[in-house]
Amino acid sequence: MHLSVSDVSKTYDQRGSHVLALDHVSLDVAFGEFVCLLGDSGCGKSTLLQIIAGLEPASQGGILIDGRELVGCHPDTTVVFQEHGLFPWMTVLRNIEFNLKARGMAAAKRHEIAARLVETVGLAGFEKKYPHELSGGMRQRVGIARALATSPKLLLMDEPFGALDAQTRSAMQAELLRLWAAHRSAVVFVTHSIEEAVFLADRIVVMTPRPGRIGRIIDVDLPRPRDPTSEAFVHHVKIALETLHTPRALLAPS
Ligand code: ADP
Ligand code: MG
């Protein structure tokens, strides 16, 4: 599917004060593309993701999916938040099946899909466990398996690995790329980690705060798997870092 963010602005009004969270943001994401939204806290990354997900209305502009204006949530879009949002009273398998059940899929079919995904995310043997019996990394894998169960064409992720330790995080990044390569969904992935963005993305959308805008879009044309110690990788990290630290007025228009 093709996603088009068309001149989106967003103002939050709270007790008399206005926050311009997004100011005329436009962005196109092609089918199968992996895009990272990178920026410091408060530059509107989560707001943009929520608007793309249809969970929050834009104040101006809109979202087009395959050329049609988005109203509410799109059936082919799934969101993964930092807090995995698993149901504590459901087993791993039932959590993964949840969205399929909600769509009325027959039990045998959804068991089959869930059982396969449990394998995919490396949780075979944990099907009957409850979320509190798992580590943070394992819970997040369940959250990702649940998101993938519906084969979304657009996967939206808001700092999904932010709460994980460094080792688990890098394992999850590699796993996500593997799953993405197999499913070929479009991904919009929010992070404030430059290294994470350079490791994952085809394109990095660097956002700047107050008001939230796109500062620059960086193409990351490096083969995968990427080596964070390679010269080319470090070079891209440097470009992203410079963009984050350059006053907006000095950025060349992208
Ligand atoms: P990020 O995800 O990049 O940290 P956010 O999209 O969460 O940025 O926030 C962008 C700006 O909008 C911030 O100034 C934040 O305080 C404000 N904001 C976000 N959500 C709300 C809300 N529900 N009500 C009021 N202000 C909000
Ligand atoms: Mg955020």
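An unreviewed UniProt entry lists the protein under the name Nitrate ABC transporter ATP-binding protein, with Rhodoplanes roseus as the source organism. Looking at the protein in UniProt, the text filed under Sequence similarities (unreviewed entry) is "Belongs to the ABC transporter superfamily."

Draft legend 1. The arrangement of the UniProt feature "domain: ABC transporter" (unreviewed entry) in the protein in detail. Cross-referencing UniProt, the feature "domain: ABC transporter" (unreviewed entry) maps to residues 3–234 in the present numbering. The distance from the first to the last C-alpha atom of residues 3–234 is 30 Å, and the span holds 33% helix and 28% strand.

Draft legend 2. Structural context of helix α2 (residues 92–102). Within α2, the full set of buried residues consists of Val92, Asn95, Ile96, Glu97 and Leu100. In this structure, the buried side of α2 is in contact with α3 (107–120) and α4 (136–149). In the segment just after α2, Gly104 is the residue with positive phi, at about 85°.

Draft legend 3. Focus on the domain arrangement of the protein. Considered domain by domain, the protein is made up of domain 1 (3–76 + 154–250) and domain 2 (88–151). Listed per partner, the contact involves 12 residues of domain 1 and 10 residues of domain 2. Of the roughly 1,000 Å² buried between domain 1 and domain 2 on both sides combined, carbon and sulfur atoms contribute 68%. Contact with domain 2 buries area across many residues of domain 1, yet Met172, Leu179 and His183 alone supply 40% of it, more than any other trio. Here domain 1 and domain 2 share 0 salt bridges between them. For the pair domain 1 and domain 2, the number of links is 2 residue pairs in polar contact (both at pLDDT 80 or more). At the level of elements, β7 (154–158) and α5 (166–183) are the ones that each hand at least two residues to the side of domain 1 that touches domain 2. Per-element tally for the side of domain 1 that touches domain 2: the top contributor is α5, with 6 residues.

Draft legend 4. Region of interest: the site of ligand 1. Residues in close proximity to ligand 1 include Tyr12, Gln14, Val19, Ala21, Asp40, Ser41, Gly42, Cys43, Gly44, Lys45, Ser46 and Thr47, which together make up its full environment. In this structure, an oxygen atom belonging to ligand 1 sits 2.9 Å away from a side-chain N or O atom of Ser46. The contact in question runs from an oxygen atom of ligand 1 to an N or O atom on the side chain of Thr47, over 2.5 Å. Protein contact buries 65% of the 560 Å² of open area that ligand 1 shows by itself.

Draft legend 5. Inspection of the sheet that holds strand β10 (residues 213–219) at higher detail. What the 6 strands build is an open sheet, ordered β6-β7-β8-β3-β9-β10; its pairing is mixed. Both edges of this open sheet fall to β6 (77–80) and β10, since each of them pairs with a single strand only. On average, each strand axis in the sheet is tilted by 20° relative to the strand beside it, whichever way the strands run. As paired strands, β7 and strand β8 (residues 186–191) are joined by 5 bridges and run parallel to one another. Bridging across to β8, Leu155 finds its partner in Val187.

Draft legend 6. Spotlight on unusual backbone geometry. In this chain, Arg210 is followed by Pro211 through a cis amide linkage whose omega measures -10°. Looking at the secondary structure, you find Pro211 in the loop between β9 (203–208) and β10. With an omega of -5°, the peptide bond running from Arg224 to Pro225 counts as cis. With respect to the helices and strands, the residue Pro225 is situated in the loop between β10 and α7 (231–245). Of note in the backbone geometry, Asp7 takes a positive phi value of approximately 50° without being a glycine. Tracing the sequence through the fold places Asp7 in strand β1 (residues 3–14). One non-glycine residue with positive phi stands out, namely Arg15, at about 40°. By the element assignment, Arg15 lies in the loop between β1 and β2 (17–29).

Draft legend 7. Structural detail: the nonpolar core. Membership of the largest hydrophobic core comes to 48 residues, with the highest contact counts inside it found for Phe34, Ile96, Phe189 and Ile204. At 7 residues, the largest contribution of residues to this core is made by α4. Ignoring any residue separated from it by four or fewer positions in sequence, one finds Phe189 in contact with Phe34, Val35, Cys36, Leu37, Met157, Pro160, Phe161, Leu176, Glu196 and Leu200. Counting 27 residues, the second largest nonpolar core, distinct from the first, contains Met1, Ala53, Leu156 and Val188.

What counts and what doesn't
Residue numbers restart at each chain and count upward from 1, following the sequence in its written direction. The lettering of chains begins at A and the numbering of ligands begins at 1, in the order of writing. Reporting in this predicted model follows two pLDDT cut-offs: at least 70 for local features of residues, and 80 or more for side-chain atom pairs to be given and counted; totals over whole chains, interfaces and linings ignore these cut-offs and use all residues. With hydrogens and water excluded, all non-hydrogen atoms of the structure serve as input to the side-chain values. UniProt positions are given in the numbering used here, feature names are shortened, and annotations may be inferred rather than shown by experiment. Secondary structure counts use DSSP, requiring at least four H or I residues in a row for a helix and at least two E residues in a row for a strand, with both numbered from the N terminus. Using a 1.4 Å probe on the protein chains alone, a residue whose accessible area is under 20% of its type maximum counts as buried, one over 50% counts as exposed, and one in between counts as partly exposed. Whether two residues are in contact is decided by their heavy atoms, any of which lying within 4.5 Å being enough. Where a domain begins and ends is set by an automatic assignment or by a domain database. As used here, buried area is the combined drop in accessible area, with a 1.4 Å probe, of two parts when they are placed together. Put simply, a salt bridge is a Lys or Arg side-chain nitrogen that is within 4 Å of an Asp or Glu carboxyl oxygen. Contacts described as polar in this section are N or O atom pairs within 3.5 Å, which, within protein, must combine one atom able to donate a hydrogen with one able to accept it, while residues neighboring in sequence count only if both atoms come from side chains. Only heavy atoms are used to decide nearness, and a residue is near a molecule or strand if one of them lies within 4 Å of it. Here the open area of atoms and residues is found with the Shrake-Rupley method and a 1.4 Å probe, where only the protein chains shown may cover a residue. Between any two strands, at least two bridges found by DSSP are needed for them to pair. Think of each axis as a best-fit line through the C-alpha atoms, taken over the contacting stretch in the case of a helix, with angles from 0 to 180 degrees between the N-to-C directions. We define the nonpolar core as a collection of buried residues of types Ala, Val, Leu, Ile, Met, Phe, Trp, Tyr and Cys that are connected through side-chain atoms lying within 4.5 Å of one another.

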